[in-house]
Amino acid sequence: TSAAAMLDADLWYAPDLIVAPTLTTRVPAELFGKVVINHPGRLGDRGASSIDWGRWRRERFGGTTLLLAADGWDTGDVVHTTTYRYPAGPATKSWIYSYLNRAALLRGLERVVDEPPPVPRPLDYAHADVLGRWNDVLRADDSTVEWSLTADEIVGLAAARDGAPGVRAELLGEVVGLFDVQPAGPAHGEPGEVVGRLADSAIRVAVG
């Protein structure tokens, strides 16, 4: 929850290695080199929305990178990286994070604690294998869909923002967040027209 809490925990438990599977607070300088950060992105990806942008851009490959805490966000030396192909279907961000990223994290940690341990590698964008980039936070205004898109396109784009806050769209004159979007087969109606309602409160919308 804070740098002070990290230092207190380090003093209390005296661990050999600290793993940050999800980091929201800067690591204090006193713990640089001791904290391994899990970043759900390809080698070189930085920022909090690497999976979001990867899915939104329709990129074929994602990854998980383990790096040492340093000054700045995701700037430390790399101790392990894994690249994996994104599923062909509309896999959600949460599924990718929970399964592909978690499996890669565990494999990476096994390598980190192995003998001999990996030699930390500085992040150098001049290397040909560094395919990632800086990713600003993918905000709601960056992720909107038009009903003129095909059903498959809308399902895929919504999955990039699933479950929350969803992807933005205009429906019945209101801006709403779409999530848990699934194809429902052909429908008669103009794009954006509500053409049905299901018993579980889901609605059916005609698209392009």
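Counting from 1, residues in each chain are numbered in the order their sequence is written. Residue-level local features of this predicted model are given only where pLDDT is at least 70; pairs of side-chain atoms are given and counted only at 80 or more, and the full residue set underlies all totals for whole chains, interfaces and linings. Derived side-chain values reflect all non-hydrogen atoms in the structure, with water molecules and hydrogen atoms excluded from consideration.

Considerations on helix H4 (residues 151-159)
Along H4, the positions that sit buried rather than exposed are Ile154, Val155, Leu157, Ala158 and Ala159. In what follows, a contact means two residues having at least one pair of non-hydrogen atoms within 4.5 Å. The helix count covers DSSP runs of H or I at least four residues long, the strand count covers runs of E at least two residues long, and both are numbered beginning at the N terminus. Elements that come into contact with the buried residues of H4 comprise helix H2 (50-56), helix H3 (93-112) and strand E5 (167-171). Whether a residue is buried, partly exposed or exposed follows from its accessible area with a 1.4 Å probe, protein chains only, as a fraction of its type maximum: under 20%, in between, or over 50%, in that order.

A short note on a nonpolar patch on the surface
Patch criteria: residues need more than 30% relative accessible area and no salt bridge. Like-charged residues are merged within 9 Å; nonpolar side chains of Val, Leu, Ile, Met, Phe, Trp and Tyr are merged within 5 Å. Surface accessibility in these figures is a Shrake-Rupley result with a 1.4 Å probe; residues are shielded only by whichever protein chains are displayed. Any carboxyl oxygen of Asp or Glu that lies within 4 Å of a side-chain nitrogen of Lys or Arg is treated as forming a salt bridge with it. A cluster of nonpolar side chains, namely Leu17, Val19 and Val113, defines an oily patch on the protein surface of about 220 Å² accessible area. By secondary structure assignment, the location of Leu17 is in the loop between helix H1 (3-13) and strand E1 (18-20). Overall, Leu17 belongs to the partly exposed group, its relative accessible area being 32%.

Regarding the packing of aromatic side chains
The aromatic pairing rule takes the rings of Phe, Tyr and Trp, using the six-membered ring of Trp, and pairs them if the centres are within 6.5 Å, calling planes under 30 degrees apart stacked, those over 60 edge-to-face and the rest tilted. Applying the stated rule across the entire model yields 2 aromatic pairs. Ring centres 6.4 Å apart and planes at 70 degrees place the aromatic pair Tyr84 and Tyr86 in the edge-to-face group. The positively charged end of Arg55 is found above the aromatic ring belonging to Tyr86, 5.0 Å away from the centroid. Two conditions define a charge located above a ring, namely a distance within 6 Å from the ring centre to NZ of Lys or CZ of Arg, and an angle within 35 degrees of the ring normal.

Re the nonpolar core
We define a nonpolar core as any set of buried Ala, Val, Leu, Ile, Met, Phe, Trp, Tyr and Cys residues linked to one another through side-chain atoms lying within 4.5 Å. In terms of nonpolar packing, the biggest core is built from 14 residues, with Trp56, Val145, Trp147, Val167, Ala169 and Leu178 touching the most fellow members. Looking at this core, the elements with two or more residues in it are H2, H4 and E5. Those residues within four positions of Trp56 in sequence are excluded, and the remaining contacts are Leu138, Asp142, Ser143, Thr144, Val145, Leu157, Ala160 and Val167. Membership of the second largest hydrophobic core comes to 8 residues, among which are Met6, Ala20, Ile37 and Leu67.

Topic: the pairing of strand E6 (residues 174-178)
Each pair of strands is called paired provided DSSP finds at least two bridges between the two strands. In this sheet, E6 lies alongside E5 in antiparallel orientation, the contact comprising 5 bridges. Following the sheet pairing, Val167 is matched in E6 by Leu178. Here E5 folds back onto E6, and the loop between the two strands holds 2 residues, one of which, Leu172, carries a positive phi near 55 degrees.

Some remarks on the pattern of salt bridges
As enumerated under the stated definition, the model contains 7 salt bridges in all. For the salt bridge of Asp10 with Lys34, the shortest nitrogen-to-oxygen distance reads 2.7 Å. Of this pair, Asp10 sits in helix H1 while Lys34 sits in the loop between E1 and strand E2 (35-39), placing them 24 residues apart in sequence. Asp10 sits in the buried class, given a relative accessible area of 14%. What makes Lys34 partly exposed here is its relative accessible area of 24%.

Thoughts on the confidence of the model for the chain
pLDDT runs from 0 to 100 and stands for how confident the predictor is about each residue. Mean pLDDT for the chain: 89, with 99% of residues reaching 70 or above. The spread of mean pLDDT over the elements of the chain runs between H2, the lowest at 84, and H1, the highest at 95.

Side note on unusual backbone geometry
Put simply, Glu115 and Pro116 share a cis peptide bond, and its omega is -10 degrees. With a phi angle near 50 degrees, Ala14 is a residue other than glycine that sits in the positive phi range. You can see Ala14 is positioned in the loop between H1 and E1. On the accessibility criterion, Ala14 (55% relative accessible area) is exposed.

As for the environment of Pro90
One can find Pro90 in the loop between strand E4 (78-85) and H3. The exposure class assigned to Pro90 is partly exposed, which follows from its relative accessible area of 47%. Each C-alpha atom, one on Pro90 and one on Ile154, is 9.7 Å from the other, the two residues being 64 residues apart in sequence. The residues contacting Pro90, other than those within four sequence positions of it, are Arg55, Val155, Gly156 and Ala159.

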